[in-house]
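# Breakdown of the fold
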Amino acid sequence: MAYTALGIMFPFGIACISIIFTITIFGIRRWWAVQCYEYDRLNPPGPRPLPFLGNIHQVPMDYQYKAFTEWSKVFGDLIFLRLFRKAALIINSTQAAQDLLEKRGAKYSDRPYFILFSELIQFEPNVTIMPYGDQWRLHRKWIQASFQDRAALQSYEPIQARETNRLLRALIESPGDFTAHLKRYVATLMMEITYGHTVTNLDDDEFIRLADRAVSGTVEAGSPAAALVDFFPLLKHIPTWMPGAGFKRKAFEVREYVRQLQNVPFAKVRNAMAAGIAKPSLLRTLIQDSNVDGFLSPDDEYNIKGAGSVIYGAGTDTTVTVLISFVLAMVLHPDVCQKAQAELDRVLGNGRLPELIDRDSLPYIDCVLKEVYRWNPPVPLCLPHKLTQDDEYRGFHIPGQTMIIPNIWGMTRDVETYPEPETFYPERFEEMDKLNADANDPRNLVFGFGRRLCPGRQFGDTSIWLAVANMLAIFEFRKAVNSANEEAELIPSFVSGTISHPRPFSCNICLRPGRTADLIPVMDYD
Ligand code: HEM
């Protein structure tokens, strides 16, 4: 009896399972076909996605901006992707970036939410990743008051002049350490303006140690494996002791570094204020302005600490990258360097060093700088924006919540605007009429777009110009030589990542004939 029942139930069970399995497979296939159909029909074009993975397997780990630029030859300037289930739109042209991110800024100014940074590392409050809203407006207002207000910018000129002076002396003393000197130049500008803190030596400066540890820790914690948590949020609950939870342990370690970066400089500024010795700084102003009857609310304290901790990370690496790219370009293109020096000599004679007021009289140096920005855009894929609601553009449907990735590198390679884009050729800007030169100034691209446009752009640009013009005034940049006194070959290359650092290289920075350290005014550094 029991055998008979089993004999009937077993095939019946198998049949049921097979039917359910077939229906499920059929359902998934049909669902996917509908998704693909919708995908093909409405969204901008892009490589065909796979079920579940979407296009993730097609996106290379390194130099993604180069792949997106290649893809644009097939799909055009808008490329729609699915990264697992998340939608992403790559923008490859300046026109589309302006149309969407600038003209429709109200919809395109949010940031994607990153569990890794916001929940695990807790690098918050952080204006660079903050959602578009009131808290972001408050932080922008604070940073803009410090970095865009004309009076504030002018008040930094003595600091910029002092640090340029110190940079030149350091380069004469130990030219082989040019990377460290350029970093110290920028780092001290950021620390001085944010906290009123002067950096004399990179290696033993507490503020720099705290900031570098937090910033580089955050970059390291953002490995591709760790980024999976943003696609599969359940991973954030994995216990830290489990194999595969290394990303979470690292994130917790970096969280502590971020806390210290937020707390230690804040406490020092507050103590200096109490002692009446605090130098003018962003933090001093914010603490003073938010102080009501000697009391700072926990909310204000939280926001002020966050605002301070972001500036160094956002402003240092980006600015240093441009300066190192400039040195690399000068070593590779001595003709450009000589032409810029001839302009300096013609305009200033050889009796004094350039100052910011000389900028308009030195148009070729501006062309050189524009070409440096274009040749190696420091943030090649910008920072991602997010679209808050569905949108239509050129007849395509772009779903709300799509991550928007402006391919700045690709835009600087547009052959219509910049023929032979890989050639370093500052004259391309001289050859444009004024209207085109202004419209195609790479500074319209490399600092991002719309309401999220970099608030430090003027300060970064003037700091770079000052260092560049002064270095050109007194130094020659040559290829390093080997023991047989032959120039070593130098092939420019850049590290793949959020910031496109030139790979380390050696070069020979020496005083120009007829220039001596006497040209550099004696200054009090305190
Ligand atoms: C050459 C130097 C610099 C470059 C190339 C650069 C580039 C960028 C880019 C591409 C963005 C993203 C814009 C977007 O999402 O559309 C950005 C954002 C930002 N930058 Fe810069 N930056 C530079 C210097 C600075 C400096 C000196 C500061 C210091 C204040 C700074 C502070 C910021 C901040 C706070 C944001 C986030 C803005 C937001 O999300 O609303 N940057 N920058």
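Everything below is about the structure shown above.
Notes on the structure follow. (Residues numbered from 1 in each chain as written. Predicted model: local features only at pLDDT ≥ 70, side-chain atom pairs only at ≥ 80, totals over all residues. Heavy atoms only, no water.)

## Brief notes about the overall build of the protein
Spelled out, the test is: Under the DSSP-based scheme used, a helix requires at least four consecutive residues in state H or I and a strand at least two consecutive residues in state E, with every element numbered from the N terminus. Every residue pair with non-hydrogen atoms within 4.5 Å of one another is taken to be in contact. All accessibility values rest on the Shrake-Rupley procedure with a 1.4 Å probe; residue burial counts only the protein chains present in the view. When charges are tallied, Lys and Arg are placed among the positive residues and Asp and Glu among the negative ones, while His and the ends of the chain are skipped. Working definition for charges: the position is that of NZ of Lys, CZ of Arg, CG of Asp or CD of Glu.
From N to C terminus, the protein includes 20 helices and eight strands. The C-alpha extent of the protein, read off along each of the three principal axes, is 110 × 60 × 50 Å. Across the protein, the fraction of contacts at a sequence separation of at least 24, relative to all contacts at a separation of at least 6, is 72%. By element, 59% of the accessible surface of the protein is carried by carbon and sulfur atoms, the whole surface being about 25,300 Å². Distance between charge centres in the protein, computed from 55 positive and 61 negative side chains, equals 6 Å.

## Some thoughts on the pattern of salt bridges
Rules: The salt bridge criterion pairs a side-chain nitrogen of Lys or Arg with a carboxyl oxygen of Asp or Glu, the two atoms within 4 Å. Only protein chains enter the accessibility calculation, which uses a 1.4 Å probe. A residue is then buried if its area is under 20% of the maximum for its type, exposed if over 50%, and partly exposed in between.
Taken as a whole and judged by the stated rule, the model has 35 salt bridges. Here lysine 103 and aspartate 99 are joined by a salt bridge, their closest N and O atoms 3.2 Å apart. A salt bridge links aspartate 391 to arginine 104; the shortest N-O distance between them is 2.8 Å. Remark: arginine 104 occurs in the loop between α3 (94–102) and α4 (115–121) and aspartate 391 occurs in strand β4 (residues 391–393); sequence separation between them is 287 residues. In this structure aspartate 391 comes out as buried when scored by relative accessible area, which is 6%. Using a relative accessible area of 28% as the deciding quantity, one classes arginine 104 as partly exposed. Each of the salt bridges in this network shares a partner with another, and the network as a whole consists of Arg162, Glu163, Arg166, Arg184, Glu192 and Lys279.

## Observations concerning the coordination of the iron atom of the ligand
Formally: A 2.8 Å cut-off from the metal defines N, O and S donors, relaxed to 3.2 Å for Na, K and Ca; water is not in the atom list, so some sites may appear incomplete.
For the iron atom of the ligand, the sole protein-derived donor is Cys454 (SG), lying 2.3 Å away. With respect to the helices and strands, the residue cysteine 454 is situated in the loop between α19 (443–446) and α20 (457–474).

## A short note on the sheet that holds strand β6 (residues 403–406)
For clarity, the cut-off: For two strands to count as paired, DSSP must find a minimum of two bridges between them. Note on geometry: axes are C-alpha line fits, over the in-contact stretch for helices, and angles between N-to-C directions span 0 to 180 degrees.
The four strands are arranged β1-β2-β6-β3 in an open sheet whose pairing can be described as mixed. The open sheet is flanked by β1 (78–83) and β3 (385–386), the only strands paired with a single partner. Here β1 pairs with strand β2 (residues 86–91) via six bridges, running antiparallel. Among the inter-strand pairings, arginine 82 is bridged to a residue of β2, identified as alanine 87. Helix α2 (residues 64–75) contacts β1 and β2 of the sheet and is inclined by roughly 115° relative to β1.

Honestly, that's just the spatial picture; any functional story needs more than this.
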